[in-house]
Structure formats: structure tokens, C-alpha cells
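# Working through the structure, step by step
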Amino acid sequence: MKRVVFLGGAFTLVGSFLFSIQDALVKWLSADFSLLQLLLIRSVVMVPVFALICFGRWGAAGLVTKKPGAHLLRALFNLTAFLSYYYAITRMPLVDAISIASAYPIILAILSGMILSEAPN
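Position numbers for residues count from 1 along each chain, tracking the sequence in the order it is written. Only residues with pLDDT of at least 70 are given local features in this predicted model, and only at 80 or more are side-chain atom pairs given and counted; all residues enter the totals for whole chains, interfaces and linings. Hydrogens and water molecules were not included; the side-chain quantities draw on all heavy atoms of the structure.

### Observations regarding the overall build of the protein chain
Our working rule: Here a helix means four or more residues in a row that DSSP labels H or I, a strand means two or more in a row labelled E, and each is numbered from the N terminus. Note that the radius of gyration is over C-alpha atoms, with the globule rule given as 2.2 Å times the number of residues to the power 0.38.
Helices and strands together make up the secondary structure of the protein chain, namely 5 helices and 0 strands. Secondary structure of the protein chain in N-to-C order comes out as α-α-α-α-α. Its C-alpha radius of gyration of 17 Å places the protein chain more than 25% over the 14 Å reference for a compact globule of 121 residues. With the principal axes as the frame, the protein chain shows a C-alpha extent of 40 × 40 × 40 Å.

### A short note on the environment of Phe50
Assignment of secondary structure puts Phe50 in helix H2 (residues 35-58). Considered as a pair, Phe50 and Ser34 are 16 residues apart in the sequence and their alpha carbons are 24 Å apart.

### Focus on the nonpolar core
This is how it is decided: Each nonpolar core is a collection of buried residues, namely Ala, Val, Leu, Ile, Met, Phe, Trp, Tyr and Cys, held together in the definition by side-chain atoms within 4.5 Å. Exposure is judged per residue with a 1.4 Å probe applied to protein chains only, and the accessible area is read against the type maximum: over 50% gives exposed, under 20% gives buried, and values in between give partly exposed. Any two residues whose heavy atoms approach within 4.5 Å at even a single point are treated as in contact.
Core analysis: the biggest nonpolar cluster contains 6 residues, these being Val26, Leu38, Leu39, Tyr86, Ile89 and Ala97. Listed by contribution, the elements that provide at least two residues to this core are H2 and helix H3 (68-91). With residues near it in sequence (within four places) discarded, Leu38 still touches Val26, Leu29, Ser30, Phe33 and Tyr86.

### Observations concerning the packing of helix H1 (residues 2-29) against H3
Selection rule: What counts as an axis is a line fitted to C-alpha atoms, over the stretch in contact for a helix, and the angles between N-to-C directions run from 0 to 180 degrees. Put simply, a crossing is left-handed when the front helix is turned counterclockwise from the back one by less than a right angle, and right-handed when it is turned clockwise. Gly counts as polar in this scheme, as do all residues outside two lists: the nonpolar Ala, Val, Leu, Ile, Met, Phe, Trp, Tyr, Cys and Pro, and the charged Asp, Glu, Lys and Arg.
The N-to-C vectors of H1 and H3 enclose an angle of 65°; their axes lie 8 Å apart at closest approach. When you trace H1 past H3, the crossing you get is right-handed. When H1 is examined against H3, the residues Gln22, Asp23, Val26 and Lys27 are found in contact with a partner set consisting of Tyr85, Tyr86, Ile89 and Thr90. Among the residues making up the contact of H1 with H3, the classes are represented as 4 nonpolar, 2 polar and 2 charged.

### Looking at H2
The criterion, for reference: In this scheme, a helix's expected span is set at 1.5 Å multiplied by one less than its residue total.
For H2, built from 24 residues, the straight-helix expectation of 34 Å at 1.5 Å per residue is met to within 8% by its first-to-last C-alpha distance of 33 Å. Turning to H2, its buried residues are Leu38, Leu39 and Cys54. Those residues of H2 that are buried lie in contact with H1 and H3. Looking one or two residues past H2, Gly59 carries a phi angle of roughly 75°, positive in sign.

### Remarks on the side chain of Gln22
Its place among the elements puts Gln22 in helix H1. Beyond its immediate chain neighbours, meaning those up to four positions away, Gln22 contacts Arg42 and Tyr86.

### Comments concerning the packing of aromatic side chains
Note the cut-off: Pairing of aromatic rings covers Phe, Tyr and Trp, the last through its six-membered ring, and needs centres within 6.5 Å; plane angles under 30 degrees mean stacked, over 60 mean edge-to-face, and all others mean tilted.
Applying the stated rule across the entire model yields 1 aromatic pair. Residues Phe82 and Tyr86 carry aromatic rings whose centres are separated by 5.9 Å and whose planes lie at 75° to one another, so their mutual orientation is edge-to-face. A residue pair is termed a helical-turn pair when its members lie 3 or 4 positions apart in one helix, as Phe82 and Tyr86 do in helix H3 at 4 residues. A relative accessible area of 21% places Phe82 in the partly exposed class.

Following this line, the structure appears as C-alpha cells:
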């Protein structure tokens, strides 16, 4: 049990560090490159990495979907979300953009109650 908790904490720290590096790079590189170019580079790096992780964990079945339309819609929403986030990073002070993004769980809990009439647990 202790090993799992330690690994979870370690992965959280590494992930937070890497996302911080990504945000700083987007802020720095946005002076020379468009948002679409930055997102393309991110995707060119991350899609193969994620595909390898899925293939390693679930085999070829991990790369197949039964709902291609739903995945296409999700991809469109992800594109919109990342473009919006990258746009915010380039136009706002980095600390402000990350503070707003960090408030996402609280905002989501509030909106789930207001829009979906759900009670957060």
C-alpha cells in the first residue's frame, strides 16, 4: 500500500512539473510560433507516446474504438480546450492563467450542481 501511495505522489509531482514546463514553453514560444503550430508539435509528441502506453497496457485492442463518432467529438472538444488554454497562456500573465486552470475542479463542482442538478460527493 505504501508503495502505491508513494508512486502516486511521485507521478503527481512529475506530472505537475512537466505541465509547468509545457506552459512556460508555450508562453515563451508563442512570440515566434502560432498556437496551431504549438498544438501540432504537442500532439506529434504526445499521440505516439499515448498510443504506445495504450498498446503496452491493453495490446492492439486498446487502440480500437467501437464509437468513432464519440471519439471524433471528444477530439474536437479537446482541440477547443487546448487552443483556449494556450490562447489564455499567451495573452495573460502565466500565474493568472494557471490559477484559473487550477480552479477547474471547484468550477466543475459548482456547474454540475447548477446545470445538471447533481450533488457533488
